[in-house]
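Chains, contacts and geometry: an overview
So you can see what is in the structure, the chains are spelled out below.
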Amino acid sequence: MIEVKNFSKIYKLSKKQMAKLKTKDNIKRAANDISFFAERGKIYGLLGPNGAGKTTTLRCIATLLNPTEGHIYVDGHDSVKDSIEVRKKIGFLTNELKLDQHFTPNYTIEFFGGLHGMDKKTINKRKDELFEYFGITSFADKKIEDLSTGMKQKLSIAVSLIHDPDVVIFDEPTIGLDIITARAVLDYLKLLREKGKTVIISTHIMTLANKLCDNLGIIINGKIVANGTVKDILENTGTTDLEDAFFKLYKQNMN
Ligand SMILES: Nc1ncnc2c1ncn2[C@@H]1O[C@H](COP(=O)(O)OP(=O)(O)OP(=O)(O)O)[C@@H](O)[C@H]1O
Ligand SMILES: [Mg+2]
């Protein structure tokens, strides 16, 4: 389970960043007093437009960044004080995962399995399952520099799951994937839900959020502006369609 409590993240901006953003402020509040629960055996979705604060929130859950305010607990462990325990529990997929261009998928996944303290036999068993499931086997011995974006994304997904984590944090999981592989990834997330794992994803894709997620947090401008099941959100916004609900909330919260 993930508990996010009054979480805010403020970035300090460099002069270069300030110039790029055409702002005189030297800070950016990327997450603003966010609170929600992501339960075990459920898929929680952070749905929001570009720059809303999705990646920032997921990075703080994954202990890559510390919250500026508030607390995040993963299965009861504080993301700052018990970050080592949190790291043992989570699998984190981010689109910025840098895969070494000279390594092969086989070598990469064995390397990450080793980092998690897994023995060779367990790594190989798990690797075979994941490579088979995500269709990686046919290019397992090619150099990463020769792989397509989709192939790299598949490998990143397998790498993030090698140690069979209890808590799965996927930032934009279907980015760069064709429809067939995207479906395989979503089916896998459902499988993880059935196994009782805690799954949290970020997305800007309405249909994905609608179909896959048990609970949603709509995030706009660093704030959670609606939280609950799709049904709850439609009821609370007086709409019949998630896209309409989203635009209504967007208009209310961008002014
Ligand atoms: N390291 C950083 N330093 C300064 N500002 C940052 C940093 N990272 C993100 N931001 C800013 O914080 C805000 C939230 O960014 P974030 O990446 O969390 O959004 P997002 O919802 O993941 O967007 P996207 O859909 O584009 O991935 C944006 O305005 C972004 O420019
Ligand atoms: Mg992002």
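Structure's up top.
**A few points about the sheet that holds strand β7 (residues 167-171)**
If you trace the six strands from one edge of the open sheet to the other, you get β6-β7-β8-β3-β9-β10, paired in mixed fashion. Where the open sheet ends on each side, the last strands, each with one partner, are β6 (90-93) and β10 (223-228). Averaged over neighbouring strand pairs, the angle between their axes works out to 15° when direction is ignored. Here strand β9 (residues 215-220) pairs with β10 via five bridges, running antiparallel. When the bridges of β10 are listed, I219 appears paired with I224.

**Some details on the sheet that holds strand β1 (residues 2-12)**
Pairing within the open sheet is antiparallel, and its four strands lie in the order β2-β1-β4-β5. Looking along the sheet, the strands with just one partner apiece sit at the ends: β2 (27-38) and β5 (77-78). In the sheet, strand β4 (residues 69-74) pairs with β5 via two bridges, with the strands oriented antiparallel. Bridging across to β5, V74 finds its partner in H77.

**So, the packing of helix α4 (residues 105-115) against helix α6 (residues 149-161)**
Contact geometry of α4 with α6 gives a least axis separation of 9 Å together with a crossing angle of 25°. Judged by the inter-axis angle, α4 sits roughly parallel to α6. Handedness of the crossing formed by α4 with α6: right-handed. Here P105, T108, I109 and F112 of α4 lie close against α6, whose contacting residues are L155, A158 and V159. Classifying every residue of the contact of α4 with α6 gives six nonpolar, one polar and no charged.

**Details of the site of ligand 1**
Near ligand 1, the surroundings consist of 14 residues, among which Y11, A30, K54, T55 and T56 are the closest. Among the elements that line the shell around ligand 1, the one with the most residues is helix α2 (residues 54-61), at three residues. Tallied by class, residues from the shell around ligand 1 come to four nonpolar, eight polar and two charged.

**Quick notes on helix α7 (residues 179-194)**
Here α7 is 16 residues long and its end C-alpha atoms lie 23 Å apart, about the 22 Å a rise of 1.5 Å per residue gives. Turning to α7, its buried residues number three or more, namely V185, L189 and L192. The buried residues of α7 occupy one face: seen down the axis, they fall within an arc of 60°. Summarising the geometry of α7, the exposed residues directed more than 90 degrees from the buried face are I179, I180, R183, D187, L191 and E194. Looking at the packing, one finds that the buried side of α7 touches β3 (42-47), α6, β7, β8 (198-203) and α8 (206-212). Looking one or two places after α7, you find G196, whose phi comes out positive at around 90°.

**Quick notes on the nonpolar core**
Side chains of nonpolar character tend, in soluble globular proteins, to be buried together. Counting residues in each nonpolar core, the largest one holds 60 residues, and the members touching the most others are I61, A158, I169, V199, I200 and I218. With six residues, the top contributor of residues to this core is α6. Leave out the neighbours within four places in its chain, and I61 touches I2, I72, V74, S79, I169 and I200.

**Considerations on the packing of helix α9 (residues 230-237) against helix α10 (residues 242-254)**
Axis separation between α9 and α10 bottoms out at 10 Å; the angle between their running directions is 55°. In this view, α9 runs oblique relative to α10, as classed from their interaxial angle. In this structure, α9 meets α10 at a crossing whose hand is left-handed. Residues V230, I233, L234 and T237 of α9 lie in contact with α10, whose contacting residues are L242, A245, K248 and L249. Looking at the contact of α9 with α10 residue by residue, the classes come out as six nonpolar, one polar and one charged.

**Here we look at unusual backbone geometry**
Here the phi dihedral of D75 falls at roughly 45°; this positive angle occurs in a residue that is not glycine. With a phi close to 50°, E172 is a non-glycine residue in the positive phi region. The residue E172 is located in the loop between β7 and α7 in this model.

**A look at the environment of M206**
Note that M206 resides in helix α8. The exposure class of M206 is partly exposed, given the 16 C-beta atoms found within 10 Å. C-alpha of M206 to C-alpha of A19: the two residues are 187 residues apart in sequence and 33 Å apart in space. The contacts of M206, once residues within four sequence positions are left out, are L242, E243 and F246.

Cut-offs and rules
- Residues numbered from 1 in each chain as written.
- Chains lettered and ligands numbered in written order.
- Predicted model: local features only at pLDDT ≥ 70, side-chain atom pairs only at ≥ 80, totals over all residues.
- Pairing = 2+ DSSP bridges.
- Helix = DSSP H or I, 4+ residues; strand = E, 2+ residues; numbered from the N terminus.
- Axes fitted to C-alpha atoms, helices over the stretch in contact; angles between N-to-C directions.
- Parallel < 35°, antiparallel > 145°, perpendicular 65-115°, else oblique.
- Left-handed = near helix turned anticlockwise from the far one by under 90°.
- Contact = placed C-beta atoms within 7 Å.
- Nonpolar A, V, L, I, M, F, W, Y, C, P; charged D, E, K, R; others polar.
- Near = placed C-beta within 6 Å.
- Expected span 1.5 Å × (residues − 1).
- Buried ≥ 20, exposed ≤ 12 C-beta atoms within 10 Å, placed from the backbone.
- Arc of directions from axis to C-beta.
- Core = buried A, V, L, I, M, F, W, Y, C linked by C-beta atoms within 7 Å.

Such coordinate-based values are descriptive only and should not be taken to indicate function.
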